Amino acid sequence: PTGCLASLHGCRVHVDYHGCIADQWPQRLMWVQNLDLNEYGEANNIVILYPQAKGDSRTGAGCWNWGFPKDDTLFDTKMSAQLLTVMNMLDELPRTLELAQELPRTL
């Protein structure tokens, strides 16, 4: 959100875990662009994070691991591979937004 560009500290973050979307970028992009979360985030100074999951044949193509201990025995803990990945994304968010400010703006 533009209100977060000057200072991320005054903004909140919402993590949006997508449903089981096949591992195809156009479908995922449609999800992101049509939920109106971006507009809500802009209006309320909320950064929306859309982490992506590839999934597999057991969890489903493009699915988050909601209940498959064979894939990750820690799937339902703070130490699960997927949750640690999202936590790392959140940790890097301030630096990512700082870098984004350096990108050229296009209309």
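Further up the page is the structure itself.
Trainee: What is the right way to look at the overall build of the protein in this model?
Mentor: Looking only at helices and strands, one finds 3 helices and 4 strands in the protein. If you list the helices and strands of the protein from N to C, you get β-α-α-β-β-β-α. Relative to its 107 residues, the protein shows a buried fraction of 25%. A separation threshold of at least 6 residues defines the contact pool for the protein, and within that pool the share at least 24 residues apart is 54%. About 7,500 Å² of surface is accessible on the protein, with carbon and sulfur atoms providing 59% of the total.

Trainee: For this particular structure, what's the right way to read the state of the cysteines?
Mentor: Overall, the coordinates contain 1 disulfide when judged by the stated rule. Each disulfide pairs two cysteine sulfurs, and for Cys-4 the partner residue is Cys-11, the sulfurs being separated by 2.0 Å. Disulfide Cys-4 to Cys-11: torsion about the S-S bond roughly -115°, handedness left-handed. Accessibility classification places Cys-4 together with Cys-11 in one group, the buried group.

Trainee: Just checking my understanding: could you explain a nonpolar patch on the surface for this structure?
Mentor: Taken together, the side chains of Leu-74, Met-79 and Leu-84 present a nonpolar region at the surface, about 260 Å² in accessible area. As for its position among the elements, Leu-84 is in helix α3 (residues 81–101). For Leu-84, a relative accessible area of 34% gives the class partly exposed.

Trainee: Got a minute to help me understand the pattern of salt bridges in this structure?
Mentor: Between side chains of opposite charge, a pair can form when the charged atoms approach closely. One pass over the full model with this rule turns up 1 salt bridge. The salt bridge involving Glu-98 is made with Arg-95; its shortest N-O contact spans 2.6 Å. Of this pair, Glu-98 and Arg-95 are both found in helix α3, 3 residues apart, which corresponds to roughly one turn of the helix. For Arg-95, a relative accessible area of 40% translates into the label partly exposed.

Trainee: For this particular structure, what's the right way to read unusual backbone geometry?
Mentor: Trans is the common state for peptide bonds, and a negative phi is the common state for residues other than glycine. With a phi angle near 65°, Asp-36 is a residue other than glycine that sits in the positive phi range. Topologically, Asp-36 is positioned in the loop between α1 (25–34) and α2 (37–44).

Trainee: Quick question: what am I supposed to make of α3 here?
Mentor: Side chains of residues three or four places apart in an α-helix project in the same direction, reflecting 3.6 residues per turn. Helix length check: α3 (21 residues) gives 30 Å between terminal C-alpha atoms against 30 Å at 1.5 Å per residue, within 8%. The largest bend along α3 measures about 50° and falls at Leu-93, with the proline Pro-94 one to four residues further on.

Trainee: Can you help me understand the environment of Leu-37 in this one?
Mentor: On the secondary structure map, Leu-37 appears in helix α2. Along the backbone, Leu-37 and Leu-49 are 12 residues apart, and their C-alpha atoms lie at a distance of 10.0 Å. Excluding residues that lie within four positions of it along the chain, Leu-37 makes contacts with His-14, Asp-16, Ile-48 and Tyr-50.

Criteria and thresholds
- Residues numbered from 1 in each chain as written.
- Predicted model: local features only at pLDDT ≥ 70, side-chain atom pairs only at ≥ 80, totals over all residues.
- Heavy atoms only, no water.
- Helix = DSSP H or I, 4+ residues; strand = E, 2+ residues; numbered from the N terminus.
- Buried < 20%, exposed > 50% of the residue type's maximum accessible area, 1.4 Å probe, protein only.
- Contact = heavy atoms within 4.5 Å.
- Areas by Shrake-Rupley, 256 points an atom, 1.4 Å probe, with all protein chains shown as cover.
- Disulfide = S-S within 2.5 Å.
- Patch = residues over 30% accessible without salt bridge, like charges linked within 9 Å, V, L, I, M, F, W, Y side chains within 5 Å.
- Salt bridge = Lys/Arg side-chain N within 4 Å of Asp/Glu carboxyl O.
- Expected span 1.5 Å × (residues − 1).
- Bend = angle between axes of the 7 residues up to and from the residue.

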